[in-house]
Structures are given as structure tokens and as C-alpha cells.
Amino acid sequence: MVKGNGFKGMIIKIAAAVVLVVIAAVLFYVNKSLMRENKKMIKYIKNEEAFKQDLDNLRKSEGLFSQYIVRIKKGNKADREKIKSDYINELLQLVETSNLKVDSYRSQIEEKDGFVIFKYNITIVGDFVQAIRFFSRLQKEAKYIYIAKYNIELYLEKSTRMALTVEIVGVETQ
Amino acid sequence: MSNSQHPIYWFNPVSGEIHLSQEELPAKKSRLYLVINRENLFFGAFALQSKKRVKDSNILNIQSHFIPFKSDFMNIIYSAEKREEKRFFSWVGHLTSTMDVNVESYFYDEIPESLMFKGDPGALRNYRLFVFKRVSGFEIIYFNGGTDDFYSIFEKDESKIVEKIILLTRKFSIGKGETVRMLADRDISSLHDFRRLMDDYSFNIDIDVIKSNENKYFFLPDFFPVKKKFSNLSQNKQMRSIKNIIRQWNRNLTIIMALLLVVILLNILGFIVFKQDNARFHEKFATIGKTLSAAETIEFNLNKIKRKIARYPDHLLYLKTISEALGLESSLIAYSLDEGKIIIEGYSTDSLGILTQLRKSNRFKEIRFKTTVTKNVYSQREKFEIEIILKEAKV
């Protein structure tokens, strides 16, 4: 009825076509991923200058932010205590030059979120206006000293007592 | 059967008139399809090839040769359509051999199926004799099933039917003791000669009478190679159809495979190009990668620092906003900033005004009196304590 060769030939051709379809599909998939990678790289290469510019900007920002944060070398506890002591001296100097009087102070070192935080609780007595000027000086001259909290109260007739908590955020470097 | 595209001749054998349904006559060397439409027994269609122009007299000649088969009327339909079937025409051919027209084909396939396949196909083969009443007489047919031979006689006089039957049985030499089955549309056993026939001859005749209200149709007998040919043709057609499908699919598959090969080749080409490109790009991309990596590290550290710094309140800004709200008439006796909130304590002539003024600022989340506002009888100013909830710092 039906010639064997024709029918067999058709079956063989179908099988071969299926195999070819599979090969084509695999190659297509591989090429697709290669093309994606290729496009990605072309895109990156085209934007190379922009990336360099971004990096420069970031470095500038890094430099800018370095004044908001102190860098301390990795060391032992004694080294940190020394740094803490240096900063309190600097802080007391700032207070005194602002016509304010330090009544008492307490300091401690904390480590949080990968930062080393030098914490100072200081009680200051002086004129309210001077106290505000002191805040302003801190913001201008010592950007790395942050006022975490404070409480100002009237003290005697024309004076104020201020309980101040300041913090210095440090990052350890090699 | 009717075909409105071609002229149709209606021939009435009783009156001998030929009516043309359309004005146009058949063209020269045309084919005529003679359709004999017969009640109850046969439907046949014959294609006649004309050597020259078919004249009305030719049609009459054909008709006269078909008298025994003639029905009340017959249709002659002109058609240019070619038919290939030729097997049947030997027996018709001898009828038409003296004429200028030859039977070319027998187009059984144009017989309505509803008529061809009605009834039992085997039933007709059991009969040897047929007697049918026609308008102008009787038609007596003898089929010799074994040799596909037949003979037919037309008899106008009913009383002579028996004689004709005897004539036919002698011609075909029916043996003694044989029983011949007859199909008739009237009961001829009532004829007075029939008894004599049965007595004088040693064979028997069994008569089956078709009732007029049965409207019975039969298959054509075997020597009409209708069913067989039709079946064979159908099988051939099927075979040809399957072969054609396979051949066509083989062709299609070859094309598909060729296309697939082209697709694969293109893919391979693409693969080589992409690979080369990627290898070239990788070198350049390495330096970009370093840039990106450095930028990513810096950005990560910066974001971390920004987040950390943002947690510290911008206390000078808050102080400025609060002092603006207080105005010159008010004075502070305490001011504290702690844990996301500011508490201010002081004296004012309009504590509610301070609260309203502070609420206008978008730097604070919530502002409310912490304690009840009090007023000393010795002073015009009232003491207030306001709690300010700060907004969460955004990075």
C-alpha cells in the first residue's frame, strides 16, 4: 500500500528534524546567554567613563565625609583609652574657650554597628547664649563631635546648667 | 442531475417531442450525456462522444435503441466535463455502433446516492427475469448473471408478455427443473398463458411483485460495475492520497530540516562571534570591574556612615525653629533633647500660640503640652511644658 522507503524515510526525517530542533534550541539558549553577557559588557564598556566619574565622585564624598568621622588605627584597649583622653582634652579646651565652665564629666567607649563610639557626659555651667555659641562652634570647628542629647536648665539667676552627651564616631583602619 | 449552466433536452418518447430548456444548442464535437431516468429499477447515465455535431435525429436514434429501457421521459444533459470510465460501454456500444455517436462514459457517480443505495444490493442478483409496466407497454428483461449478458424486449400488448418470456428463456437455454426468480411490478401469474407456460416447460418461475406504494430502489447488478468500481476508485484515491501526503510531508520535512540546518549554522556562527567578542570584552571589562568594585565598596561604606550620622539630631536647627516659635515675649527655663524628643519648659503670655507656631513646622512629627499650662496670680505669663516628637532621620 505504502512504500516502506517513503514512510520509513518520513519517520527518519521526523526523528532527524526533532534532533535538529533540540540542537537548535540548545544552541539558541547558549547564544542567548552569551548575547546577554555580551550586551552587558558592551553597555559597561560604553559607560566606562561614567563609572570612572562615579568613582571619583564617591571618593570626593568619602573625603568630605571623613571630616564627620574619625579614623583610628586598630590597636589595643590602652590605645583607645589614650584616644578617648585626647578627645576629652580637646573637648574641654573647646568648652573653656567658649566661656563655659565644666562642672563634671564622664567618658566611655562603645562599639556599635562596626563603629567605635567615644561617649562623653559633661555638665557645663555658664551663660545660655554662650552655650548656644558653643554648639555652633562644635558644628563648625569639630564636625566629628555629635551632640546626642542635652538638657539645659536655668541655674542661679543668669546662668544655665547643661547636661550634655556628646559622641565621636570612629572607624578603625589598618 | 440537472445543470442549469448547460442546455437540457427533454425527450418524451410517447409524443416523440424534444424540448430544449435553453436556446443554445450543443456545440460541434460536443459530448452528450444521456440520462435515462427509470422508475423503480435502474438509474443509468451515459456519456456519448459525438464524432460530429449531434443532431436531433441522432438523439432520436439513440432513444430508439434504448426503447426497451425507455422511461416515461428521459433527460439529455449536455456537458463538457470529461469522464474517464470506459469499462461499461461494450454492451452499450453494440447498441450504438450503427450510429454516429459512441458511448464514452458511464457516469454512475452522478446518480443520486439516495437512489443508488436504497434497498438490498444483493436482492437484485437473485432475479433473472424482470417485468415492468411502462406508459406505452411492458418491459421484459432477462439477466444472465453468470456471463453478465442480458436481453430486453419491449411489448405493448400485455397478453403477449408470456410469449416474450418464453422467447427469452429459450434464448438463454434454461435447464429443466431450474427455478427462475422474477421481479415484476404486476402479478403476471394471473395471465391465462402463464399456466400453460408452467405446464409446457419444465422450469419454474417464482414471481416477486413490487407493490406500487413501496417506492423501492435497487442496487445496480454486478455487470454494472458501479459498486466495485466505485469502491476501487475510492481505495485508489485513498492510496494516492496517503502516498501524496507522505510525499508532500517528505518534501516538507526536507525543507524543515534544511531550514533547521540553516538556523543551527547561524547559531554556531553567532556562538563563535559572541565567544570571540566576549573574550575581547573580558579583558577590557576587567578594569571596569575593578572600578565598579571600588565604587561599590566606597558607596557601601559611605551609606553606612550616612546612616550612622543621620541618627544624630540636627539639634541647632531644632533650637532655631523653637526659638523662632517662642518669640521675644516668651522665655525658656529648661530645654532638653533626648531619645527622639525635645521637651521645652518656660513662661509665655500665649502658650497655645507657641504650640500652634511649632505645629506649622514640618520638622517635627508631633507637638503637645506635656503638662497642664499653669498661671500664677502674680504674673501675666503662664508656665508651659511642651513635648516635641522628632521625625525619624532619613538617610
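Everything numeric in this text was worked out from a predicted model, so none of it was measured.

(A) Expanded view of the overall build of chain B. Helix and strand counts for chain B stand at eight helices and 16 strands. Looking at the 395 residues of chain B, the share that counts as buried comes to 43%. Within chain B, residue pairs in contact and separated by at least 24 positions form 62% of the contacts whose partners lie at least 6 positions apart. A total of about 22,500 Å² of accessible surface is found on chain B, and carbon and sulfur atoms cover 50% of it.

(B) Main features of the overall build of chain A. From N to C terminus, chain A includes four helices and five strands. Start at the N end of chain A and walk to the C end: the helices and strands fall as α-α-β-α-β-β-α-β-β. Contacts in chain A between residues far apart in sequence, at least 24 positions, make up 62% of those at least 6 positions apart. Accessible surface computed for chain A: about 10,700 Å², of which carbon and sulfur atoms make up 55%.

(C) Local environment of the confidence of the model for chain A. Predicted confidence across chain A gives a mean pLDDT of 85, with 97% of residues reaching 70 or more. Strand β1 (residues 70-73) of chain A is the least confidently modelled element of chain A, averaging 83 in pLDDT, while strand β3 (residues 115-126) of chain A averages 91, the highest of any element.

(D) Broad picture of the side chain of threonine 321 of chain B. Along the chain, threonine 321 of chain B turns up in helix α7 (residues 315-326). The buried category is assigned to threonine 321 of chain B, whose relative accessible area is 10%.

(E) The arrangement of the side chain of threonine 291 of chain B in detail. With respect to the element layout, threonine 291 of chain B can be found in helix α6 (residues 226-310). Judged by its relative accessible area of 13%, threonine 291 of chain B is buried. Here the side chain of threonine 291 of chain B touches threonine 287 of chain B through a polar contact of 3.0 Å, landing on its backbone oxygen. Look past the residues within four positions of threonine 291 of chain B in its chain and what remains in contact with it is Phe51, Lys52 and Leu55 of chain A.

(F) Local environment of the packing of α7 of chain B against helix α8 (residues 351-360) of chain B. All names here are of chain B. One can describe the packing of α7 onto α8 by two numbers: an axis separation of 8 Å at closest approach and a directional angle of 140 degrees. With respect to their mutual orientation, α7 and α8 come out oblique. As α7 packs across α8, the resulting crossing turns out to be right-handed. Between α7 and α8, the contacting residues are Thr321, Ile322, Ala325 and Leu326 on the first element and Ile354, Gln357 and Leu358 on the second. For the contact of α7 with α8, a count of residues per class yields five nonpolar, two polar and no charged.

(G) Structural view of the nonpolar core. By size, the foremost hydrophobic cluster in this structure holds 48 residues, and its most contacted members are Phe135 of chain A together with Leu358 and Ile388 of chain B. Among all residues touching isoleucine 388 of chain B, those that are not within four sequence positions of it are Ile322, Gly340, Lys341, Ile342, Ile344, Leu358, Phe364, Glu366 and Ile367 of chain B. Counting residues in hydrophobic clusters, the runner-up holds 23 residues, among them Ile153, Ile161, Ile174 and Phe203 of chain B.

(H) Just the interface of chain A and chain B, in detail. Taken residue by residue, the interface counts 56 residues in chain A and 54 residues in chain B. Summing both partners gives a buried area of about 5,200 Å² for chain A against chain B, and 75% of it is carried by carbon and sulfur. Considering only the surface of chain A that becomes buried against chain B, Lys13, Met41 and Tyr150 of chain A emerge as the three largest contributors, covering 12% of it. Where chain A touches chain B, the interface holds two salt bridges. A salt bridge links aspartate 113 of chain A to arginine 311 of chain B, with the shortest nitrogen-to-oxygen separation between them at 3.4 Å.

(I) Local environment of the environment of valine 125 of chain A. All names here are of chain A. Along the polypeptide, valine 125 turns up in strand β3. Owing to a relative accessible area of 16%, valine 125 belongs among the buried residues under this scheme. It is 6.4 Å that separates the C-alpha atoms of valine 125 and valine 102, two residues lying 23 residues apart in sequence. Excluding residues within four positions of it along the chain, valine 125 makes contact with Leu100, Lys101, Asp103, Tyr155, Ser159, Thr160 and Arg161.

(J) Geometry of the pairing of β3 of chain A. Residues and elements named next belong to chain A. Among the twelve residues that make up β3, eleven are buried, leaving the element largely enclosed by the rest of the structure. As defined by bridge partners, strand β2 (residues 101-112) adjoins β3 across eleven bridges and the pair is classed as antiparallel. Bridge assignment links glutamine 108 to a residue of β3, and that residue is lysine 119. Following β2, the chain reverses through two residues before pairing antiparallel with β3; aspartate 113 in that reversal takes a positive phi of roughly 55 degrees. Across eleven bridges, the pairing between β3 and strand β5 (residues 159-173) is antiparallel. Across the sheet, residue glycine 126 finds its bridge partner in β5, namely threonine 160.

(K) Examining helix α5 (residues 192-200) of chain B more closely. Residues and elements named next belong to chain B. Those residues of α5 not exposed but buried are Asp193, Phe194, Leu197 and Met198. Seen along its axis, α5 keeps its buried residues to an arc of 140 degrees; they face one direction. Looking at α5, the residues exposed on the side facing more than 90 degrees away from the buried face are His192, Arg195, Asp199 and Asp200. The inward-facing, buried residues of α5 abut α4 (161-171) and β11 (204-209).

(L) Looking closely at the packing of helix α3 (residues 77-96) of chain A against helix α4 (residues 128-141) of chain A. All names here are of chain A. The contact between α3 and α4 brings their axes to 10 Å, and the two run at 135 degrees. Relative to α4, α3 is oriented oblique. The hand of the α3/α4 crossing is right-handed. On α4, the residues that touch Leu91, Leu94 and Val95 of α3 are Phe134, Arg137, Leu138 and Glu141. A class-by-class count of the residues in the contact of α3 with α4 yields five nonpolar, no polar and two charged.

(M) Region of interest: the environment of asparagine 362 of chain B. With respect to the element layout, asparagine 362 of chain B can be found in the loop between α8 and β14 (364-369). A sequence separation of 28 residues divides asparagine 362 of chain B from leucine 390 of chain B, and the C-alpha atoms of the two residues are 10.0 Å apart.

(N) Molecular detail of the pairing of strand β12 (residues 331-338) of chain B. Alignment of strand β4 (residues 145-155) of chain A against β12 of chain B, held across four bridges, turns out to be antiparallel. Each bridged residue has a counterpart across the sheet, and for glutamate 153 of chain A the counterpart in β12 of chain B is alanine 334 of chain B. Pairing between β12 of chain B and strand β13 (residues 341-348) of chain B: seven bridges, direction antiparallel. Across the sheet, the residue bridging to alanine 334 of chain B is glutamate 345 of chain B, located in β13 of chain B. Taking the residues between adjacent antiparallel strands as the criterion, β12 of chain B and β13 of chain B are bridged by two residues, where glutamate 339 of chain B takes a positive phi near 50 degrees.

Rules used in this analysis
- Residues numbered from 1 in each chain as written.
- Chains lettered and ligands numbered in written order.
- Predicted model: local features only at pLDDT ≥ 70, side-chain atom pairs only at ≥ 80, totals over all residues.
- Heavy atoms only, no water.
- Helix = DSSP H or I, 4+ residues; strand = E, 2+ residues; numbered from the N terminus.
- Buried < 20%, exposed > 50% of the residue type's maximum accessible area, 1.4 Å probe, protein only.
- Contact = heavy atoms within 4.5 Å.
- Areas by Shrake-Rupley, 256 points an atom, 1.4 Å probe, with all protein chains shown as cover.
- pLDDT = per-residue confidence, 0-100.
- Polar contact = N/O pair within 3.5 Å; in protein donor to acceptor, adjacent residues only side chain to side chain.
- Axes fitted to C-alpha atoms, helices over the stretch in contact; angles between N-to-C directions.
- Parallel < 35°, antiparallel > 145°, perpendicular 65-115°, else oblique.
- Left-handed = near helix turned anticlockwise from the far one by under 90°.
- Nonpolar A, V, L, I, M, F, W, Y, C, P; charged D, E, K, R; others polar.
- Core = buried A, V, L, I, M, F, W, Y, C linked by side-chain atoms within 4.5 Å.
- Buried area = accessible area lost by both parts, 1.4 Å probe.
- Salt bridge = Lys/Arg side-chain N within 4 Å of Asp/Glu carboxyl O.
- Pairing = 2+ DSSP bridges.
- Arc of directions from axis to C-beta.

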